[in-house]
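Analysis of the macromolecular model
What follows is the residue order along each chain.
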Amino acid sequence: MKQTYKKIALYTGLAGCLFLYFMAGCKQENDFYEVGRQPAYLSFPAADTSWVLDYQRPDTLYKFAWYSKRNFIDYNLIFSVSEDMEEKRYEVFTGVRSDFSFSTMQVDSILSKMEVGIGQKQTIYWSVEVIDPEVGWCDEVRTLHITRCDLPANVIFLETPASLEEVILDREKPEEMIIFTWRCETTADAYLFRLGLTEELTEGIEINCGQEHSLSLSQQALDEWLAAAGVHKGEMVPLYWQVTGSGNLNNPIEDSAVREIAMQRFVPEPVEITLLQPIAGEEIFLQAAQATEEIVFAWECDTTGVEFKVLLYDKELEKEVIWNAGETSLYALTQLEFDQLLEQEFEMVPSQKKKMYWEVIPDDTIRAVSGDPGEFTVRRFEAATAAPPVILTDGPANGTRYVLEYSQSSQVATTLQWEADAPGVTYTMEYSLSEEFTTYRTKELGTAKSYAVTQGFLDEILSGLGGAYLTRTVYWRINSTVNVMTQPSEIRYMVLTGMVKPLTDLRDPAHPETYEVVKIGNNFWLAENLRATMYSDGTAFTTVDLPSKTYTGGVVADPGITGQYYSWPTALRDWQKAGESDHTILQGVCPDGWHVSTKRDWEDLLQTLSPEPAKKAKANRYWGNLAGVTNESGLSLVPAGYFWHANVGENDILDAGADGKSAYWTTTVGSETTAYMYEVFNWDAADIIPWHYASRPWSEGDGTASRAVNVRCVRTIE
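From a predicted model like this one, the values you see are computed outputs, not experimental measurements. (Residues numbered from 1 in each chain as written. Predicted model: local features only at pLDDT ≥ 70, side-chain atom pairs only at ≥ 80, totals over all residues. Heavy atoms only, no water.)

Observations concerning a negative patch on the surface
The cut-off we apply is this: Like-charged residues are merged into a patch within 9 Å and nonpolar side chains (Val, Leu, Ile, Met, Phe, Trp, Tyr) within 5 Å, provided each residue has over 30% relative accessible area and no salt bridge. Note on areas: Shrake-Rupley, 1.4 Å probe, and residue coverage restricted to the protein chains presented here. Should a side-chain nitrogen of Lys or Arg be within 4 Å of a carboxyl oxygen of Asp or Glu, the pair is scored as a salt bridge. Positive residues here are Lys and Arg, negative ones are Asp and Glu, while His and the chain termini are left out of the count. Where a charge sits is defined by one atom per residue type, namely NZ (Lys), CZ (Arg), CG (Asp) or CD (Glu). Under the scheme used here, helices are H or I runs from DSSP no shorter than 4 residues and strands are E runs no shorter than 2 residues, and both carry numbers assigned from the N terminus. Relative accessibility under 20% of the residue-type maximum defines a buried residue, over 50% an exposed one, and the middle range a partly exposed one, all with a 1.4 Å probe and only protein chains included.
Where like charges cluster on the molecular surface, the negative patch consists of Glu-83, Asp-84, Glu-86 and Glu-87. With respect to the helices, strands and loops of the structure, Glu-83 is situated in the loop between strand S4 (75-80) and strand S5 (90-95). You can call Glu-83 exposed: its relative accessible area is 56%.

As for the state of the cysteines
The line we're drawing: Our working definition of a disulfide is a cysteine sulfur pair at a distance within 2.5 Å.
Scanning all chains against the criterion turns up one disulfide. Two residues share a disulfide in this structure: Cys-590 and Cys-713, whose sulfurs sit 2.1 Å from each other. One quick way to see it: the torsion about the S-S bond of Cys-590 and Cys-713 is about -90°, and its sign makes the bridge left-handed. Taken together, the residues span a long stretch of sequence, with Cys-590 in the loop between helix H7 (568-572) and strand S41 (594-596) and Cys-713 in strand S46 (residues 713-715) at a distance of 123 residues. The closest cysteine sulfur to the non-disulfide-bonded Cys-209 is located on Cys-184, 14 Å from its own sulfur. With a relative accessible area of 10%, Cys-209 lands in the buried category.

Some remarks on the side chain of His-595
Take His-595: it is sitting in strand S41. The class for His-595 is buried, based on a relative accessible area of 2%.

A look at the environment of Asn-620
Here is the rule: Note on definitions: a residue-residue contact is assigned when non-hydrogen atoms from the two residues lie within 4.5 Å.
With respect to the helices, strands and loops of the structure, Asn-620 is situated in the loop between helix H9 (613-617) and helix H10 (656-659). Sequence-wise, Asn-620 and Ser-636 are 16 residues apart; in three dimensions their C-alpha atoms are separated by 7.5 Å. Each residue touching Asn-620, except ones within four places of it in the same chain, is listed here: Leu-626, Val-629, Thr-630 and Asn-631.

A word on the sheet that holds strand S12 (residues 177-184)
The condition is simple: When DSSP finds two or more bridges between a pair of strands, those strands are recorded as paired. Inter-axis angles, ranging from 0 to 180 degrees, are taken between N-to-C directions of lines fitted to C-alpha atoms, where helices are fitted over the stretch in contact.
Read from one edge of the open sheet, three strands run S10-S12-S15, paired in antiparallel fashion. The open sheet has two free edges, formed respectively by strand S10 (156-160) and strand S15 (214-218), since each of these has just one partner strand. Across this sheet, the average inter-strand angle for adjacent strands is 20°, counted without regard to direction. With four bridges connecting them, S10 and S12 associate as antiparallel partners. Each bridged residue has a counterpart across the sheet, and for Leu-158 the counterpart in S12 is Trp-182. Across the sheet, helix H3 (residues 219-228) lies against S12 and S15, angled at about 75° from S15, the strand it touches most.

Some points on the nonpolar core
Applied cut-off: To form a nonpolar core, buried Ala, Val, Leu, Ile, Met, Phe, Trp, Tyr and Cys residues must be joined to one another through side-chain atoms within 4.5 Å.
One finds Leu-312, Phe-338, Phe-376, Met-429, Leu-458, Ile-461 and Ile-478 to be the most contacted residues of the largest nonpolar core, which totals 57 residues. Here this core gets five residues from one element, more than from any other, and that element is helix H4 (residues 335-346). When neighbours within four sequence positions are excluded, Phe-376 is seen to be in contact with Pro-278, Glu-282, Ile-284, Phe-297, Leu-312, Phe-338, Lys-354, Lys-355, Met-356 and Trp-358. Among the nonpolar cores identified, the runner-up in size contains 33 residues, and Leu-526, Ala-571, Val-711 and Cys-713 belong to it.

Focus: the pattern of salt bridges
All told, the structure shown has 30 salt bridges when counted by the stated rule. With a shortest N-O distance of 2.8 Å, Arg-380 and Asp-339 are connected by a salt bridge. Of the two residues, Arg-380 is situated in the loop between strand S27 (374-379) and strand S28 (391-394) and Asp-339 in helix H4; the sequence distance between them amounts to 41 residues. Take Arg-380 and Asp-339: they sit in the same class, and that class is buried. A salt bridge links Arg-379 to Glu-382; its shortest N-O distance comes to 3.5 Å.

What to know about the packing of aromatic side chains
Put simply, the test is: For this analysis, a ring pair means two rings from Phe, Tyr or Trp (six-membered ring only for Trp) whose centres lie within 6.5 Å, classed as stacked if their planes differ by under 30 degrees, edge-to-face if by over 60, and tilted for the remaining angles. Lysine and arginine charges are scored as sitting over a ring when NZ or CZ, respectively, is within 6 Å of the ring centre and within 35 degrees of the ring normal.
Going through the model one piece at a time under the given rule, you end up with 35 aromatic pairs. Ring centres of Tyr-451 and Phe-457 lie 5.4 Å apart, and the angle between their planes is 50°; this geometry places the pair in the tilted category. For Phe-457, a relative accessible area of 4% puts it in the buried group. Seen in terms of ring centroids, Tyr-551 and Phe-643 are 6.1 Å apart; in terms of plane orientation they differ by 75°. Their pairing is edge-to-face. Here Phe-643 lies in the loop between H9 and H10 and Tyr-551 lies in the loop between strand S39 (523-526) and helix H6 (559-562), a separation of 92 residues in the sequence. According to the relative accessible area criterion, Tyr-551 is buried, its value standing at 11%. Three or more aromatic residues link up through ring pairs in this structure, and these residues are Trp-51, Tyr-62, Phe-64, Phe-79, Phe-100, Phe-102 and Trp-126. Its end group placed over the ring of Tyr-357, Lys-315 keeps NZ or CZ at 4.1 Å from the ring centre.

Digging into the pairing of strand S38 (residues 517-520)
For S38 and S39, the ladder comprises four bridges, and the chain directions are antiparallel. Bridge pairing in S39 places Lys-519 opposite Phe-524. Following S38, the chain reverses through two residues before pairing antiparallel with S39; Gly-521 in that reversal takes a positive phi of roughly 65°.

Some remarks on unusual backbone geometry
Glycine aside, residues mostly have negative phi, and peptide bonds are mostly found in the trans state. With an omega of 0°, the peptide bond running from Phe-44 to Pro-45 counts as cis. Tracing the backbone shows Pro-45 in the loop between strand S1 (38-44) and strand S2 (49-52). In this structure, the amide linkage connecting Thr-160 to the following residue, Pro-161, adopts the cis form with an omega of 0°. Note on placement: Pro-161 falls in the loop between S10 and strand S11 (166-168). Phi at Phe-72 is positive, roughly 60°, even though this residue is not glycine. Structurally, Phe-72 is set in the loop between strand S3 (61-68) and S4. Phi at Leu-201 takes a positive value of approximately 60°, unusual for a residue other than glycine. Locating Leu-201 in the fold gives a position in the loop between strand S13 (190-196) and strand S14 (205-210). A relative accessible area of 5% means that Leu-201 is categorised as buried.

Describing the sheet that holds strand S24 (residues 330-334)
Across a sheet, strands are paired by hydrogen bonds formed along the backbone, either parallel or antiparallel in direction. Taking strand neighbours across the sheet as the criterion, the three strands line up as S19-S21-S24 in an open arrangement whose pairing is antiparallel. Each edge of the open sheet is held by one strand with a lone partner, namely strand S19 (274-277) and S24. Within the sheet, the average angular offset between the axes of one strand and its neighbour, ignoring direction, is 15°. Strands strand S21 (294-300) and S24 of the sheet are contacted by H4, whose axis makes an angle of about 85° with S24.

What about the pairing of strand S25 (residues 353-362)?
With respect to burial, S25 is a largely interior element, seven of its 10 residues being buried. Two strands pair when backbone bridges link them, and strand S22 (residues 308-314) and S25 are joined in this way by six bridges, in the antiparallel orientation. Each bridged residue has a counterpart across the sheet, and for Phe-308 the counterpart in S25 is Pro-362. Bridge count between S25 and S27: six bridges; the pairing is antiparallel. Residue pairing for S27: Lys-353 is matched across the bridge by Arg-379.

Quick word on H3
Using the following cut-off: Note that the arc is computed from the directions linking the helix axis to the C-beta atoms.
Turning to H3, its buried residues number three or more, namely Gln-219, Leu-222, Asp-223, Trp-225 and Leu-226. Down the axis of H3, the sector holding all buried residues measures 160°, keeping them to one side. The first or second residue beyond H3 is Gly-230, which carries a positive phi of 90°.

Laid out in structure tokens, this is it:
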């Protein structure tokens, strides 16, 4: 009986297990074959997967997979560069499959179609699309980071013509071919050649080339195509060409880049220029009485848009001049201008007669060509046995003194007037520091016989003679630019004291520096610390000793106020010429016409500002102790501090904010290893004190450089 119960229990258990197994299996089958509209889910690759494509491994497979509870659903695998799956969208039909694999080159081809560059890394968004929306959908979008092959073998490379090459069509060789060539490492099903006038290659030439890697077009055919496109004869225009290829996903072809070249149409026969005037063999006699009348060079050329130059030359001297006439067909100049040209360029003397040659040169030799040169004979103004002098009728008397003021630059100081029987000439003021006019400078005054002379004009001529800021006797006279028509006027002289004006240092044209200037005693000083970072001739400081330094960590943080800091050899440049003299003039880092302040310059300043010179020389700001400071001299010394050693970092500078001091080099040697500088202190409000400190070049001795301090420049008076 017990055995019977055991068997019943066993069979019952087995039946239960079979039932559960069957029910579970049925549930799975019902899930797989579930009907109705069902979603699709992405399964592989995971979000944010990165792939780097390698064209040397073309058989690598990249798998995409998804699933749905519905069976036999048609899908598109879709790719895009935007998350909304709209931008540069690309679709691949996969049928009822729930996975799809691509080879390396197939993925690369898809990226190419989506305009991803060679070797470029791009974030791609991917999903699947249920083709029949009534049976399913997919809401999920995943990201995939793919780097394209750096040099796929399937790229079409253009070879000839080269980029930007100029192709000139020759009307003498219409049947000669222009050959376009390209290459591709893989075989394309077919190539399409495209040529157009725009980079978009619209409305151009398209030719199917099969599997050929070249295309030949006759020059005649290309010229006719350009003519139909509205290109003028002889005109050169940019053209663009490209070759595209067709393949398939297993053998994708990368289109070539669009290449720009230039092509010129057949040129027409050029028009020959015909010379009209002067007539061949004509004699032209220049006459001073007709100085303002014109001499005309004229020609004829039946074309437009061509610019001309007139070439006048002397075969004997092998000299020439060229005039630009633009698009006009004549060039005119006065007899006076022609006479001056014959004197200055062709070395002709008054009354001299000479045969001259001329021709007209076009700037476009394709459309116009010079004809035979013309020739004529010309005679200069007749020589005068004694040309009349310019007669001064008004102007400053000899010895007149002018102290020029910068604030009154535009104020008229005097008016010059004269008489001269020379029509149409330009008058000049000639001026010199020498009564004998051994050397002189010239300034044009115009064609009128009077001139209002401003203070600025007088300062300009004084500066032109090297006398800026100084007092000099200037000799002057009035003359004309035509020496056969006038003689210079009498010589007069005046005494000019230059303006105390700002100095503009142009040693670095890109960064000019302007300094205030003050006069103290008989000296002119820069009222600011020097900011130069090279010598006045452009030489770098490092060729002498050390470059200058900048410091912005003191009480004065503006380097435009503190200026640059220089070692003594750098400041002086020719430091070997310095000695114990208190007045060795060395330009050093200073502008042309100025020198590094000497010990005597400082002693003269101290005497002029005595007593308590520091109070009269310090700027009335920045210093901690401003008691009694007036800066009445305008020198504006500031507590800029200085570097202990010129060849170490900024942390070696004295704290100007706490110490309140500044220092300035002189050209006087104190001992074998030192040079004098003048120091100003916050704790001593009254005095400016000379000291001598280590000043040898950094490369000497133990390698310790001289101190780096500021420089003040003084005008050099010769």
